[in-house]
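Residue strings, one per chain:
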Amino acid sequence: MNRRSYRGKCIKLNLKNFEIARVLHEIAIYEEMKGEMFKPRAYEKAALYIGSLAEDVGTIYKKGGIKALMQLPGIGRNIAEKLVELIQTDGLAYYEQLKREIPVDLTTLSSIEGMGPKKVKLLYEKLGITNIEELEKAIREKRVRALRGFGESSEQKILKGIEFFKKSHGGRFILGFILNTFEDILQRLKKLDSVKNAKLAGSARRMKESIGDADFLASSDKPQKVMDFFTSMPEVAYIHTKGRTKSTVRLKSGINCDLRIVPEESFGAALQYFTGSKQHNVLLRTIALHKGYKLNEYGLYDKRNRQIAGKTEESIYSKLGLPFITPELREDKGEIEAARYGRLPKLIGYDDLKGDLQIHTNWTDGNYTIIEMTEAASKAGLEYIAITDHSRTLEIAHGLNERKLKQQEKEIKRVNNTTKQNGRITILTGVEVNILKDGSLDLENNVLMEFDIVGAAVHSHFSLSKEEQTKRLVSAMYNPNVDILFHPTCRVIQKRHPLDIDFDKILDVSKETNTILEVDSSPERLDLQDEYIQRAIENKCKIVIDSDAHDKSHFHFLKFGISQARRGWAEKKDVVNTLPLEKFLKSLK
Ligand code: DGT
Ligand code: ZN
Ligand code: CA
Ligand code: CA
């Protein structure tokens, strides 16, 4: 997959990658307003790259100075100098000057369809519009149509754009790109003297692949202080509401965050309630009613309205006669039934993976060498990995031909010998072979035979008919050298629908041919997704969870693959790369 797709990550304290990427992104838009030719693209590329890094750019700078920054892809001296200023001073004179000239919520306004940089500028200069709320108001008051270059129809177009933004992009954010931000806010909340307990609830706690907003929860005797802190965090772009028990803000990244404050004795009940899902809660309340109790966000109450549980979540489930149900399962997919009868799955744990079978290096579209990726995998706690760069026909990723693959194999064996001598991680040879339109592969069988691991994947012709697409995948799975079907449905969250395939047929053939189905952990893929994972497991198909890492920092994506598998009710035994190396290899075709 393409590394450019890893967007928007990671703020710790002060200005970290996420914030820096946003500044660069906004400079790109400002440059476009000015009519610059090449600068917008250069800043945009740098923004995307830095947004994708999990390693803090500040740390990279500390270790290797400006030189190390200039070695990052797409970062020349001019931008590197800006980075240094951002890292050292938490600010950037150039950006602040641009911002003074046109002080608007640029990230949001410019991502609305129908609103280019030039329009943002004009709307600010003529009507003083600085954010999405003001824009919507101005359109509803019919003030925009009077401007040159706008008319009634462009008003309507922008209004539609605003609605679409609120529903889709403005509506949902990819969890893997934004969870660090929340964890960071949570850490700061917990450090406040006025806060006793704090947690992230909602869909983020259930580890849904995308979330509408973030729901923070805190217990405190001094709510005012906590709210003052929350609404004045540096990430905040706009305060929707500020109250004693509930506040809502929008962060600069565009996402809304709720904070609710409850008394300590209700913390568990509130956590249970605001973790959701709504349907799970409805069922739980029904069980409470049957027992003659009442359940709400303050606690579980008996007939005489005495609180019988509420300080912890466990106490609530337990008083309802249930074992604790982990948040990833709370989707009303039979978890309450399973809990009642002691049949909850023993979910795969976040530390259970021993191997990673899809990794890319700078031999194709990855950012680092085989050695660097191997060391990073080892640090992430893995015992074995496969290097699986792209094959010949994937031109955008500079796919490798047979000659190059042979060279790479030698290099892998060389590195493997040294790392194994250190008693460390084992590197398997591998390839991500491209499945062509007719289901054939772009490498011959005598080449494929040589690899320890062959993953086959579709990267083109996404809209064939269901019949053709299914046949295509099936014929790849029948190849005796293909061990794994990589990112089997090819969906990209918010961007590309899953392939139209007969998934039951894929499951049958997966089982028949012993072809493993992958859960690709890249945050915007998460492919297989939870429902498909559940079906695969019910059909006794094998799955693996891979990082699809294109960067040293991408091994942390595995967490999101694991959470997706947990949401699909996967146990450790269902996931073959939880096995130690020998057993794993024996389980292949
Ligand atoms: P999201 O934000 O769309 O990704 O999904 P959630 O699940 O985070 O939903 P959200 O933020 O609207 O509300 C957080 C939780 O609060 C939700 O999962 C369950 C609970 N909740 C909110 N409103 C209601 C309600 O009207 N009834 C019930 N039973 N629970 C609610
Ligand atoms: Zn791929
Ligand atoms: Ca939410
Ligand atoms: Ca919410």
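Rules used throughout
- Residues numbered from 1 in each chain as written.
- Chains lettered and ligands numbered in written order.
- Predicted model: local features only at pLDDT ≥ 70, side-chain atom pairs only at ≥ 80, totals over all residues.
- Heavy atoms only, no water.
- Helix = DSSP H or I, 4+ residues; strand = E, 2+ residues; numbered from the N terminus.
- Rg over C-alpha atoms; globule rule 2.2 N^0.38 Å.
- Buried < 20%, exposed > 50% of the residue type's maximum accessible area, 1.4 Å probe, protein only.
- Salt bridge = Lys/Arg side-chain N within 4 Å of Asp/Glu carboxyl O.
- Donors = N, O, S within 2.8 Å, 3.2 Å for Na, K, Ca; no water.
- Near = heavy atom within 4 Å.
- Polar contact = N/O pair within 3.5 Å; in protein donor to acceptor, adjacent residues only side chain to side chain.
- Areas by Shrake-Rupley, 256 points an atom, 1.4 Å probe, with all protein chains shown as cover.
- Pairing = 2+ DSSP bridges.
- pLDDT = per-residue confidence, 0-100.
- Contact = heavy atoms within 4.5 Å.
- Right-handed = clockwise from strand over helix to strand, strands pointing away.
- Domains from an automatic or database assignment.
- Phe/Tyr/Trp six-rings, centres within 6.5 Å; stacked < 30°, edge-to-face > 60°.
- Lys NZ or Arg CZ within 6 Å of the ring centre and 35° of its normal.
- Axes fitted to C-alpha atoms, helices over the stretch in contact; angles between N-to-C directions.
- Parallel < 35°, antiparallel > 145°, perpendicular 65-115°, else oblique.
- Left-handed = near helix turned anticlockwise from the far one by under 90°.

Looking now at the overall build of the chain. Scanning the chain for helices and strands turns up 24 helices and 17 strands. Its C-alpha atoms give the chain a radius of gyration of 26 Å, within 12% of the compact-globule value 25 Å for 589 residues. Overall size of the chain, expressed as C-alpha extent along the three principal axes, is 70 × 70 × 50 Å. For the chain, with 589 residues in total, the buried portion stands at 57%.

This part is about the pattern of salt bridges. One pass over the full model with this rule turns up 36 salt bridges. Across the salt bridge formed by Glu133 and Arg250, the nearest N and O atoms sit 3.0 Å from each other. Of this pair, Glu133 sits in helix H8 (residues 132-140) while Arg250 is found in strand S6 (residues 246-251), placing the two residues 117 residues apart along the sequence. A residue is classified by how much of its surface remains accessible, and Glu133, at 27% relative accessible area, is partly exposed. Judged by relative accessible area, which is 5%, Arg250 ranks as buried. The salt bridge involving Lys573 is made with Asp574; its shortest N-O contact spans 3.4 Å.

Another point: the coordination of the zinc ion (ligand 2). Protein coordination of the zinc ion (ligand 2) is provided by Glu432 (OE), His459 (NE2) and His487 (NE2), with donor distances spanning 1.9 to 2.3 Å. Sequence spacing among the residues donating to the zinc ion (ligand 2) works out to E-x26-H-x27-H. With His459 in the loop between strand S14 (453-457) and helix H20 (466-478) and His487 in the loop between strand S15 (484-485) and helix H21 (503-513), the pair connects residues that are 28 residues apart, well separated along the chain. The exposure class of His459 is buried, given its relative accessible area of 15%. By relative accessible area, which is 0% here, His487 ends up buried.

In this section: the site of ligand 1. Surrounding ligand 1, one finds 16 residues, the nearest of these being Arg172, Ser203, Arg206, Gly212 and Asp213. Here an oxygen atom of ligand 1 and a side-chain polar atom of Ser203 are 2.5 Å apart. With respect to ligand 1, the side chain of Arg206 contributes an N or O atom lying 2.9 Å from an oxygen atom. Surface burial for ligand 1 is 72%, taken as the share of its 590 Å² of free accessible area covered by protein chains.

Bringing the sheet that holds S15 into the picture now. Strand order in the open sheet formed by 7 strands is S11-S12-S13-S14-S15-S16-S17, and the pairing between neighbours is parallel. Strand pairing shows two members of the sheet lacking a second neighbour, strand S11 (355-359) and strand S17 (543-546), which therefore form its edges. Two strands pair when backbone bridges link them, and S14 and S15 are joined in this way by 2 bridges, in the parallel orientation. Paired with Gly455 across the strands is Ile484, a residue of S15.

With that settled, consider unusual backbone geometry. The amide bond that connects Gly276 to the next residue, Ser277, takes the cis arrangement and shows omega of -5°. Mapped onto the secondary structure, Ser277 falls in the loop between helix H13 (267-275) and helix H14 (278-290). Between Asp527 and the following residue, Leu528, the backbone shows a cis peptide bond with an omega angle of 5°. With respect to the helices and strands, the residue Leu528 is situated in the loop between strand S16 (516-520) and helix H22 (530-538). Phi is positive for Asn514, which is not a glycine, with a value near 60°. Its place among the elements puts Asn514 in the loop between H21 and S16.

Turning our eyes to something else, we now look at the coordination of the calcium ion (ligand 4). Note on the calcium ion (ligand 4): its protein donors are Asp213 (OD), Asp213 (OD), Asp215 (OD) and Asp258 (OD). The metal-donor distances range over 2.3 to 2.8 Å. Sequence positions of the residues that donate to the calcium ion (ligand 4) give the spacing D-x1-D-x42-D. Judged by relative accessible area, Asp213 falls into the partly exposed class, the value being 24%.

Once that is clear, we can look at the confidence of the model for the chain. Per-chain confidence: the chain averages 92 in pLDDT, with 95% of residues scoring 70 or above. Note that pLDDT drops below 50 for residues 1-14; the model gives that stretch 66 contacts with residues more than four away or on any other chain.

Taking burial as the measure, the 5 residues of S11 include 5 buried ones, the bulk of the element. With helix H17 (residues 370-379) bridging S11 and its parallel neighbour strand S12 (residues 384-387), the resulting β-α-β unit is right-handed.

Before going further, it helps to spend a moment on the domain arrangement of the chain. According to the domain assignment, the chain consists of domain 1 (17-101), domain 2 (106-168), domain 3 (173-261), domain 4 (277-340) and domain 5 (355-586). Distance between the C-alpha centres of domain 1 and domain 3: 27 Å.

Turning our attention to the packing of aromatic side chains. Considering all chains together, one arrives at 6 aromatic pairs under this definition. A ring pair is formed by Phe216 and Phe230, whose centres lie 6.2 Å apart and whose planes are at 65°; its orientation type is edge-to-face. Remark: Phe230 occurs in helix H12 (residues 223-231) and Phe216 occurs in strand S4 (residues 213-219); sequence separation between them is 14 residues. Residues Phe216 and Phe230 agree in their burial class; the two are buried. Across from the ring centre of Tyr301, 5.5 Å away, lies the NZ or CZ of Lys294, which sits over that ring. Lying across the ring of Phe462, Arg496 places its NZ or CZ 3.8 Å from the centre.

The side chains of a regular strand alternate between the sheet's two faces. Of all the 5 residues making up S16, 5 are buried; the element is thus mostly covered by neighbouring parts of the structure. Burial along S16 is two-sided: the residues Ile516, Glu518 and Asp520 and Leu517 and Val519 are all buried. Inspection of the sheet shows S15 paired to S16 by 2 bridges, in the parallel sense. Considered in S16, the bridge of Ile484 is made with Ile516. Where the polypeptide runs from S15 across H21 and back to S16, its parallel neighbour, the crossover connection is right-handed. Pairing of S16 with S17 involves 4 bridges; the strand directions are parallel. Pairing of Leu517 across the sheet is with Ile543, part of S17. Chirality of the crossover, the property in question, places the unit of S16, H22 and S17 among those that are right-handed.

Take the packing of helix H1 (residues 17-33) against helix H4 (residues 77-89) next. Running from N to C, H1 and H4 cross one another at 135°; their axes reach a closest spacing of 11 Å. Classified by the interaxial angle, the pair formed by H1 and H4 is oblique. As H1 runs across H4, the sense of the crossing is right-handed. Seen from H1, the contacting residues are Ile20, Val23 and Leu24; seen from H4, they are Ile79, Leu83, Leu86 and Ile87.

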